[in-house]
Amino acid sequence: MPHQYPPLTTEQKKELSTIAHKIVAPGKGILAADESTGSMAKRMSSIGVDNTEEYRRYYRQILFEGTEQVKQHIGGIIFFHETLYQKNDHGVTFVKLIKDKGIVPGIKVDLGVVPLAGTNGETTTQGLDGLNERCAQYKKDGADFAKWRCVLKITDTTPSRLAIMENANVLARYASICQQNCIVPIVEPEILPDGTHDLKRCQYITEKVLAAVYKALSDHHIYLEGTLLKPNMVTPGHACTHKYTSEEIAMATVTALRRTVPPAVPGVTFLSGGQSEEEASINLNAINKCPLHKPWALTFSYGRALQASALKAWSGKKDHTKAAEAEFVKRAQANGLAAEGKYVASGAAGAAAGQSLFVAGHAY
Ligand code: 13P
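We now turn to the structure provided with this report. (Residues numbered from 1 in each chain as written. Predicted model: local features only at pLDDT ≥ 70, side-chain atom pairs only at ≥ 80, totals over all residues. Heavy atoms only, no water.)

The environment of the ligand is made up of 14 residues, and the closest members are Lys147, Lys230, Ser272, Gly273 and Gly303. At 2.5 Å from an oxygen atom of the ligand is found a side-chain nitrogen or oxygen belonging to Ser272. The fraction of the free accessible surface of the ligand (300 Å²) that becomes covered by protein chains is 100%. Listing elements by their share of the shell around the ligand, those giving two or more residues are strand 6 (145-152) and strand 10 (297-302). Split into classes, the residues belonging to the shell around the ligand amount to four nonpolar, four polar and six charged. (Near = heavy atom within 4 Å. Polar contact = N/O pair within 3.5 Å; in protein donor to acceptor, adjacent residues only side chain to side chain. Areas by Shrake-Rupley, 256 points an atom, 1.4 Å probe, with all protein chains shown as cover. Helix = DSSP H or I, 4+ residues; strand = E, 2+ residues; numbered from the N terminus. Nonpolar A, V, L, I, M, F, W, Y, C, P; charged D, E, K, R; others polar.)

Okay, here's the thing in structure tokens:
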């Protein structure tokens, strides 16, 4: 029976699903380059560079121009507001630069996390006020997809029911507003890797969180074919003493997804969550080789795991531009192959390839 009050027209649905499928076409994933100005301050200070608008522009130009060599592996790039309106050295907007390579521009639209009073340090994510108007403007300015990050944490007492329900609902409300503006929502309920918990506990919590998210998306009449999911991989806590193989991580991750994510969702684009560049590629590869049936594209939407070696190689020096670009290209190639289960770790690591990128209580 058709929906009594259809939220989207047939044309809107077609546009949303076309965009989502384009981003996660075989061997393609997402470059998350939407670090807020505050997060960029931390990245820049790690290489001793001032966090000025010009340095941010120049650094991102390295990444975006580097996509020329790996456009078969980058389906979308998530921008921060400032970046959506910046240009390269030749006066070409970044939006045009990447669109001309067949890459879909996206935009981070959440406004960061705020405390949920009465919980053990849990949060929700703000930014719904005015979101409809912002989405309408971003769509006009070239963005075809968006990202909204919610954060949950695993401790003996969390995530609480309140945090799970509130974050699921805010993600659904955001997704609804995006779809009304023909913007594909990336739904990101990130469960932080902080903690001593084991793989099983992460899997259990991931299943509970994702089940709540898909119930909320259904309640809000979200058209799943025009969405993408950006979850954490199921991994042991950062401080867990037991080590697991990538095959175990892959099995736990795919099992959790199969129990909770409808096959109508075109793609699952994992965040890297503090894994090293190599780990993130190896685990994504194992996920794609997992022998269970997987009805969605399983690919990357990495920030740190695509950028760490490039950032280090650049270190704010103009004459390191080519070296930095080469590092980015290497990671994009590795992850593009991993998204098809074809990555073979070469041992030819980049400047930061094996380095843990874990940040306690990571903000974005
Ligand atoms: P990481 O890959 O660095 O975890 O970040 C991806 C992202 O976009 C988090 O919202």
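Past the structure itself, the notes keep going.
This paragraph deals with the side chain of His73. With respect to the helices, strands and loops of the structure, His73 is situated in the loop between helix 3 (53-66) and strand 2 (74-79). Its relative accessible area of 10% is what places His73 among the buried residues. Other than its neighbours up to four places away in sequence, His73 contacts Gly27, Lys28, Gly29, Phe300, Ala332, Gln333, Gly336 and Leu337. (Buried < 20%, exposed > 50% of the residue type's maximum accessible area, 1.4 Å probe, protein only. Contact = heavy atoms within 4.5 Å.)

Moving on, we come to helix 2 (residues 37-46). One turn of an α-helix holds 3.6 residues; hence residues three or four places apart share an orientation. All of the buried residues in helix 2 are Ser39, Met40, Arg43 and Met44. Mapping the buried residues of helix 2 onto a view down its axis gives an arc of 135°, with all of them on the same face. Elements in contact with the buried residues of helix 2: helix 3 and helix 11 (304-314). Gly48 occupies a position one or two residues after helix 2 and carries a positive phi of about 70°. (Arc of directions from axis to C-beta.)

A separate point is the pairing of strand 3 (residues 104-108). Counted residue by residue, strand 3 has five buried out of five residues, so it is predominantly covered. With burial as the criterion, each face of strand 3 is covered, one bearing Val104, Gly106 and Lys108 and the other bearing Pro105 and Ile107. In this sheet, strand 3 lies alongside strand 2 in parallel orientation, the contact comprising four bridges. Following the sheet pairing, Gly76 is matched in strand 3 by Val104. Pairing between strand 3 and strand 6: three bridges, direction parallel. Residue Lys108 lies in a different strand from strand 6, and its bridge partner there is Lys147. (Pairing = 2+ DSSP bridges.)

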